[in-house]
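Structural overview
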Amino acid sequence: MSTLKSFLRHPTGMIGLFVLLAVVILAVSAPWLFPDDPWDMVGAPFQPPLSEGLWLGSDMLGRDVAAGIAHGARISLIIGVISTLTSLIIGVTIGATAGYFGGKVDEVMMRITELFQTIPGFILAILLVATLGPKISNVIFAIGIVSWPPLARLTRAEFMRLRGREFVQAAVCQGQRPLTVVLRRILPNAISPIIVTGSLAVASAILIESALSFMGLGDPNLMSWGFMIGAARTVIRQAWWMSVFPGLAILLTVLAINLVGEGLNDTLNPRISRKR
Amino acid sequence: MNRREFAKLMGVSAVALSGIPLGITRAAGQTKGGTLNTIIQPEPPILVTALNQQQPTLTLGGKIYESLLRYSPDLKPMPGIAQSWEVSPDGLTYTFKLFPGITFHDGKPLTSEDVAFSMTKMLPETHARARAIYSRIDKAETPDPLTVIFKMKAPFAPFLTALDCTTGPIVPKHIYDGSDFRKNPANAQAIGSGPFKLKEWVKGSHVHLVRHEGYYRKDEPYLDEVIYRIIPDAASRSLALEQGKIQLTQWNDIEFYDVVRLSKLPNYEMTTKGYEYFAPHQWLELNNRVKPMDDKRFRQAIAHALDLKSMAQRVYFGMPKIATGPVSSKTRFYEKDVKRYDYSLEKAKALLDEMGLKPGADGKRVTLKYLIPPYGEVYQRAGEFIRQTLGRVGIDIQLENTDVGGWADKFSNWDYEMTGNLVYQYGDPALGVSRTYISSNIKKGILFSNTAGYSNPEVDKLFDEAASATDDTRRQELYSKVQKILVEDVPVIWMFEAAYPTFIDKRLKNVTSTGVGVHESFSSVSFG
Amino acid sequence: MTSASINSGGRVFAVALALAGWFVKFVAVVLVIATFNFILVHAAPGDPAQVIAGQSGASDEKLLAQLRAEYGLDKPYPIQLANYLKRVVTLDLGYSYRQQRTVASLILERLPATLLLTATAFTLALLSGIILGTLAGVRAGKWSDTLLTIVSLLLYATPVFWLGLMLVLLFSVQLDWLPAFGYVTIGVPMTTLQRMGDIGMHLILPAVSLAAVYLAIYTRLMRSSVLDVTHQDFIKTAKAKGLKQGRIIIRHILRNAMLPIVTVAGMQAGALVGGAVVIETVFAWPGLGRLIYDALLQRDYPVLLGVFLVMSVIVIALNLLTDTIYRVIDPRVSVRAAS
């Protein structure tokens, strides 16, 4: 409860939360706000913002940019969350194994993690999507694969810290199985920094997805913000609004998630939070 | 403040940013000299047109390699390196007289031997389209260095329409004879007999051509240099045009959405002429083997459901003409009096209902996959348009993205449901049209064959007869008949006679004076 | 032996050790990425020979058979892998059938542009980040600090390709100050100096776009790092001794506060190089990123894999660079190594 209270008193965190809520509401209510398919050609091509019925203008086929942004919010958020969950599963598993067992296992796990941090992640993501095919599942998988190392490192550090604690040692002495100890004893105590880093990972997942779409590696059946900017790039001289608004949408969402993440960080882990 | 002033402010010399000196000198008649800056994209893998027939290779290679004939915009043959020609009454013997004094870029003379070698030895091995035509040559005779005689196996009326620089480029025999054509080290040099020769090719940047001093036509070429700049990015290409850095664009250098805006530039003329020989025909390809596309009514329903007028406006910005059937109106033997499929959702729905394809609870009657051709954004937009319009009659389309290799592989091996296709007609239905519809050309693994798998014995017979008939009236009769049958059957949904915007600096003369347009040698192109 | 010579001997030893460590890491990364590449090509749908050929209408049986023999695709996987690794170690990155050239020559041709872009962006981000971060840290709480914090927050959330587009919109389309694309003005005779200036003008927008995100990260890090250090005892001592503020900042705060930034910069090198791919696409910058983009459209796998490998090597090199910087500025490292 006190955590909630202190978060509520965190000004930038609250700003972020409000913006993020607005984006989520937009995403959820998109089918009501813009009941038409965002791909439908509802107006004349290249209508500037504030044209009749088209708040944010239309694209080269006469599709509503505002509808695209609302529906795109769903795609971007869904991809951000699911791919973060994917990277959480990978990262936490590896980090927990390394931190719990230590020694040789830790050595091997950390070498792997280090390697993944050395490889240019975005290029790996490009390669993965290109070989597996531009489908939403592959995009999510690729983002998951390239964004787990920080989570693994963090989990490992937390596990190493908690591993020597009395309540963990006690559980081990009682003969509880390692999996039980990890899931019941250590993980619950390590969860808050993982949540914070995970929330920040959602932001970076959204950025990676948009960059992939921009490079033409998005799912062609899904209207995402990155796709909109990618399609707008070549017509930037005729229609600035086609690239400006989806870009702002990404910027605001990512910013909001970062602010919330930092707010959480300051309230959940005052121990490691930035000193003011 | 503009860029030049800003550059000065930044302490950078502005010389680099000022205009490019053209170096023109006025002479009698046409102006001599000058550098033509234009665009090539994507970068060709090689410049030898006999070895590679991708469009950029052909555009650039057309300046380096010449052929026997050129063609007027209405596809009448004109002298190329052959100054005259004769056809025997039985249509079996073709005799060509070459211009005297033609030399290759390495200084060696071009003789009838080179022509015979190119057309009967090298091209049939390296150039699939040329093989289909020139393999009809029984033998080539070279009585003297300036005369070449082709004896055909059987009459083939379109032969005289198939001697342009993209189909029959003449290569030097002394370089290629007896070598592994594809691995010949001289390929990098690209030695032809055209008005321009390769000076330098900086990969990823530009290809620099300079005039061939030993060119056989008096005063030609007028230009000193042609520089093809490799600009992969569409926005950058438009900008280069706007800033006057280039004097010519071709094919899809300028994307359709930029055409209207750039047409207003005072220094350029925009034309869609110069593509008559190719007459690219664009259609929605339906795999006739896949249900329900095997049913004529389903294909007719799609023809009714596609709002081509609106598609031409929105996707292609009003550039293309709507196609009425398998033959382009720019190609010979076009028949305009065929069945028309007007845009009508009602008619489309009625046909689908008649087939028993009722909409499900979600309004979908059938779901089909559309493989987007990987040739740029416009194809992407076209796919999106097709999906949205067909969705209105309950035909649900799932778009699939792929790469060039993947598209060709899936398409040519019939592993697709729908895709977009664009096929050149090459001036004569026997050269560019029949291949899409005759059953003998259902060939797995071959692109631009009868990939849809349409088969109609009557159509086969008519096309066959028309190709060997020597009388044009008879040919017209046969082609009119086959066009009517095909339009009734709609094996594919013809959409547009593709149009490409060519922007030409107003000082330039003779750029699109022939039906081969920008592929032409440019020997007569000049500044003023 | 004097303590000084022990110290310098220790330094040499430490550097040698670092180099050896770096080399081991280098070899390990190259081998693992090569293995990765191998798996990827085989994971791609279709016949690997088709995939390698990767060119339109690749139904040429002759080429496919030739490829199968050349790549030993008829042999068992472990042997194929061993052969592939052998080729990589001998710097044979394969042949691009699409471009009709060896991958190594394609990469060498594009490498300078990418090195120029990434190195410029990296330096720009690091230097400005340190300067701006110090400024913010020293003036913590003042309006300039708040402004810098907001700007870096915004930059941190901006998609790099979008920032590039917006800068083009502003500086090329609207103001016409800077070229929107390309590397150098083509077809104009220029002296070496003019050419350098011209490349420099073309470099500004891509480098700034690429640096922006990292600039934001380093600024924020530097700021908190400076705040950390400022509260430590030796700074208080220095202040008490009456040293001038500028001197304190440079001699004491900067040197100590920079360490975490350098560490993070090394870790971010991979992301920076990845970002170069997008930026080169936006600005038609003729480097490896563009090469990868073109290869992507053609699914030219030999090129894709080759570039991936080379870019990873660049990242390792940047890591080495930051390690070295760390050693130079951290007074404790050499001491520790010597003792």
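Cut-offs used in this document
Residues numbered from 1 in each chain as written. Chains lettered and ligands numbered in written order. Predicted model: local features only at pLDDT ≥ 70, side-chain atom pairs only at ≥ 80, totals over all residues. Heavy atoms only, no water. Helix = DSSP H or I, 4+ residues; strand = E, 2+ residues; numbered from the N terminus. Areas by Shrake-Rupley, 256 points an atom, 1.4 Å probe, with all protein chains shown as cover. Rg over C-alpha atoms; globule rule 2.2 N^0.38 Å. Buried < 20%, exposed > 50% of the residue type's maximum accessible area, 1.4 Å probe, protein only. Lys, Arg positive; Asp, Glu negative; His and termini not counted. Charge placed at Lys NZ, Arg CZ, Asp CG, Glu CD. Contact = heavy atoms within 4.5 Å. Buried area = accessible area lost by both parts, 1.4 Å probe. Salt bridge = Lys/Arg side-chain N within 4 Å of Asp/Glu carboxyl O. Polar contact = N/O pair within 3.5 Å; in protein donor to acceptor, adjacent residues only side chain to side chain. Nonpolar A, V, L, I, M, F, W, Y, C, P; charged D, E, K, R; others polar. Pairing = 2+ DSSP bridges. pLDDT = per-residue confidence, 0-100. Axes fitted to C-alpha atoms, helices over the stretch in contact; angles between N-to-C directions. Parallel < 35°, antiparallel > 145°, perpendicular 65-115°, else oblique. Left-handed = near helix turned anticlockwise from the far one by under 90°. Core = buried A, V, L, I, M, F, W, Y, C linked by side-chain atoms within 4.5 Å. Expected span 1.5 Å × (residues − 1). Bend = angle between axes of the 7 residues up to and from the residue.

Focus on the overall build of chain C
Within chain C, the regular secondary structure consists of 13 helices and two strands. Of the accessible surface of chain C, which amounts to about 15100 Å², a share of 69% is contributed by carbon and sulfur atoms.

Section: the overall build of chain B
The helix and strand tally for chain B stands at 15 helices and 22 strands. Relative to the compact-globule value of 24 Å for 528 residues, chain B shows a C-alpha radius of gyration of 24 Å, a close match. Among the 528 residues that make up chain B, the fraction classed as buried is 63%. Within the structure as shown, chain B displays about 19300 Å² of accessible surface, and the carbon and sulfur contribution to it stands at 52%. Taken together, the 66 basic and 61 acidic charged side chains of chain B have centroids lying 3 Å from each other.

Concerning the interface of chain C and chain A
The partner chain A presents 41 residues to the 45 residues of chain C that form the contact. A buried area of about 4000 Å², summed over both sides, lies between chain C and chain A, and 78% of it is on carbon and sulfur atoms. When the buried area of chain C at its contact with chain A is split by residue, Phe161, Trp162 and Phe308 of chain C rank highest and sum to 15% of it. Seen at the junction of chain C and chain A, the total is one salt bridge. A salt bridge links Glu262 of chain A to Arg220 of chain C; its shortest N-O distance comes to 2.7 Å. Run the count over chain C and chain A and you get three residue pairs in polar contact (both at pLDDT 80 or more). Going through the elements one at a time, α1 (3-43), α6 (143-156), α7 (160-174), α8 (192-230), α10 (245-283), α11 (288-298) and α12 (301-329) of chain C are the ones with two or more residues in the side of chain C that touches chain A. Per-element tally for the side of chain C that touches chain A: the top contributor is α12 of chain C, with nine residues. Looking at side-chain class alone, the side of chain C that touches chain A contains 34 nonpolar, six polar and five charged residues.

Focus: the interface of chain A and chain B
Contact with chain A, which involves 24 residues of that partner, is made by 25 residues of chain B. Summed over both sides, the interface of chain A with chain B buries roughly 2000 Å², with 50% coming from carbon and sulfur. When residues of chain A are sorted by the area they lose upon contact with chain B, Met41, Thr234 and Arg237 of chain A head the list and together hold 29% of the total. In this structure, the connection of chain A to chain B is made through one salt bridge. Ionic pairing is found between Arg63 of chain A and Glu384 of chain B, a salt bridge with its closest N-O pair at 2.5 Å. Within the side of chain A that touches chain B, the residues separate by chemical class into 11 nonpolar, eight polar and five charged.

Digging into the pairing of strand β12 (residues 225-230) of chain B
Residues and elements named next belong to chain B. Of all six residues in β12, five are buried; the element is thus mostly enclosed. The pairing of strand β3 (residues 35-40) with β12 spans six bridges and is parallel. Bridged to Asn37 within β12 is Ile227. Looking at chain direction, strand β11 (residues 206-211) and β12 are connected through five bridges and run antiparallel. Counterpart to Val210 in the pairing with β12 is Glu225.

Looking at the confidence of the model for chain C
Residues and elements named next belong to chain C. When the pLDDT values of chain C are averaged, the result is 78; 82% of them are 70 or greater. Here helix α13 (residues 331-338) stands out as the element of chain C with the lowest mean pLDDT, 45, in contrast to helix α5 (residues 103-138), whose mean of 89 is the highest. Long-range and interchain partners of residues 54-59, a stretch whose pLDDT sits below 50, account for 15 contacts in this model, where long-range means more than four residues apart. Across residues 333-339, where pLDDT falls below 50, the model places eight contacts with residues more than four positions away in sequence or in other chains. Confidence estimates for the predicted assembly give a pTM of 0.83 and an ipTM of 0.87.

Points about the pairing of strand β6 (residues 82-87) of chain B
Residues and elements named next belong to chain B. Sheet topology places β6 next to strand β7 (residues 93-98); five bridges connect them, and they run antiparallel. Across the sheet, the residue bridging to Val87 is Tyr94, located in β7. If you look at the hairpin formed by β6 and β7, you'll find five residues sitting between the two strands, and Gly91 has a positive phi there, around 70 degrees.

Description of the packing of helix α8 (residues 296-305) of chain B against helix α10 (residues 345-355) of chain B
Residue and element names in this part refer to chain B. Direction vectors running N to C along α8 and α10 enclose 165 degrees, while the axes themselves pass 7 Å from each other. By the angle between their directions, the pair α8 and α10 is classed as roughly antiparallel. Pair α8 / α10 crosses with left-handed handedness. Facing Arg297, Phe298, Gln300, Ala301, His304 and Ala305 of α8, the residues of α10 in contact are Leu345, Lys347, Ala348, Leu351, Leu352, Glu354 and Met355. The residue inventory of the contact of α8 with α10, partitioned by class, reads eight nonpolar, two polar and three charged.

Digging into the sheet that holds β12 of chain B
All names here are of chain B. Taken together, the four strands give an open sheet; going across it, the order is β3-β12-β11-β10, and neighbouring strands pair in mixed fashion. In this open sheet, the two strands that pair with only one neighbour each are β3 and β10 (196-202). Each strand of the sheet is rotated relative to its neighbour by a mean of 20 degrees, with strand direction disregarded.

With respect to the sheet that holds strand β17 (residues 395-400) of chain B
Residues and elements named next belong to chain B. The mixed open sheet is built from six strands, whose spatial order is β15-β19-β14-β18-β16-β17. Each end of this open sheet is capped by a strand with a single partner; those strands are β15 (321-322) and β17. Across the sheet, helix α11 (residues 377-391) is in contact with β14 (281-286), β16 (366-371), β17, β18 (418-423) and β19 (493-497); its angle to β17 comes to roughly 160 degrees. Seen against the sheet, helix α12 (residues 404-412) touches β14, β16, β17 and β18 and runs at an angle of roughly 100 degrees to β18.

A closer look at the nonpolar core
Of all hydrophobic cores here, the largest spans 336 residues; its most connected members are Leu68, Phe96, Met119 and Phe159 of chain B. Considering every element that reaches this core, the biggest residue donor is α10 of chain C, with 19 residues. Residues in contact with Leu68 of chain B, not counting those within four places in the same chain, are Pro79, Gly80, Ile81, Ala82, Phe96, Leu98, Val115, Met119, Phe150 and Leu163 of chain B.

Focus: helix α9 (residues 178-214) of chain A
Residues and elements named next belong to chain A. Between its terminal C-alpha atoms α9 stretches only 44 Å, short of the 54 Å expected from 37 residues at 1.5 Å a residue. The largest bend in α9 amounts to roughly 60 degrees and is located at Leu187, with the proline Pro188 lying one to four residues further along. Just past α9, the residue Gly216 takes up positive phi, approximately 85 degrees.

Observations concerning the packing of helix α3 (residues 65-101) of chain A against helix α4 (residues 103-118) of chain A
The relative placement of two packed helices is expressed as an angle between their axes plus a distance between the axes. Residues and elements named next belong to chain A. In contact at an axis separation of 7 Å, α3 and α4 are set at 150 degrees when each is read in the N-to-C sense. By the angle class used here, α3 and α4 are roughly antiparallel. α3 and α4 meet at a crossing whose hand is left-handed. Across the interface between the two elements, Ile94, Thr97, Ala98 and Phe101 of α3 pack against Gly103, Val105, Asp106, Met109, Met110 and Thr113 of α4.

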